[in-house]
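# Structural description and commentary
Here is how the chains run, residue by residue.
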Amino acid sequence: MINLNYRDSRPIYEQLRDGYRELLISGAIMPGERLPSVRELATQLAINPNTIQRAYRELEAEGYIYSVPGKGAFAANRNDVSEQRKAALLEKFDQTASELMYLGVKAGELYDRIKGVERK
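Residues numbered from 1 in each chain as written. Predicted model: local features only at pLDDT ≥ 70, side-chain atom pairs only at ≥ 80, totals over all residues. Heavy atoms only, no water.

## Examining the layout of surface pockets
Considered as a void within the structure, the largest pocket measures approximately 1,200 Å³ in volume. In this structure, the largest pocket is lined by 28 residues; those nearest its centre are Glu-22, Ile-25, Tyr-64, Leu-89 and Val-117. Where the lining of the largest pocket is concerned, the elements lending two or more residues are α1 (12-26), α4 (83-102) and α5 (107-119). Examining the composition of the lining of the largest pocket, we find that eight residues originate from one element, α4, more than from any other. For the lining of the largest pocket, the class distribution of residues is 17 nonpolar, five polar and six charged. (1 Å grid on protein atoms, 1.4 Å probe; cavity = no way out; pocket = protein on both sides within 12 Å on 5 of 7 lines; lining within 4 Å. Points joined across faces, edges and corners; volume = space filled by probe spheres on them. Helix = DSSP H or I, 4+ residues; strand = E, 2+ residues; numbered from the N terminus. Nonpolar A, V, L, I, M, F, W, Y, C, P; charged D, E, K, R; others polar.)

## Some points on helix α2 (residues 38-45)
For α2, the set of buried residues is Val-38, Leu-41, Ala-42 and Leu-45. Within α2, the buried residues cover an arc of 100° as seen down the axis, which keeps them to one side. Away from its buried face, by an angle of more than 90 degrees, α2 presents the exposed residues Arg-39, Thr-43 and Gln-44. Phi for Ala-46, located one or two positions after α2, is positive at around 55°. (Buried < 20%, exposed > 50% of the residue type's maximum accessible area, 1.4 Å probe, protein only. Arc of directions from axis to C-beta.)

## Some words on the pairing of strand β1 (residues 65-68)
Strand direction decides the pairing type here: β1 and strand β2 (residues 72-75), joined by four bridges, are antiparallel. By the bridge assignment, Val-68 is partnered in β2 with Gly-72. The hairpin turn running from β1 into β2, its antiparallel successor, is three residues long, and Gly-70 in that turn takes a positive phi close to 80°. (Pairing = 2+ DSSP bridges.)

## Examining the nonpolar core
It is characteristic of soluble globular proteins that their nonpolar side chains tend to be buried jointly. Residues Leu-16, Tyr-20, Ile-29, Leu-35, Ile-52, Tyr-56 and Ile-65 are the most contacted members of the largest nonpolar core, which totals 23 residues. Of all the secondary structure elements, the ones that give two or more residues to this core are α1, α2, α3 (49-62) and β2. Considering every element that reaches this core, the biggest residue donor is α1, with five residues. (Core = buried A, V, L, I, M, F, W, Y, C linked by side-chain atoms within 4.5 Å.)

Structure representation (structure tokens):
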């Protein structure tokens, strides 16, 4: 489940968004699986429903979830994640890889890390 850290400098909605993103990526939440309703989650976590709605809205904009009016929010298939999100992550990856190489990390080390992630 989602763990909120009230000492974290990130807003609660970002922690929720990132937590659900991790659950979706790791397979803990399967494609097509229904997410808790905004009201259910607000009661469970004792936070404002608007905070949850904002996290869900961002996840939907990124393509990780989709909403069905009257039914709720559901986990999307991996193929449905937006191209815009993929492009943003690749740009971030390029920047991080460039900085790591500047700091002396060899391309082979980066490749080995990528292969390690792939094996997981």
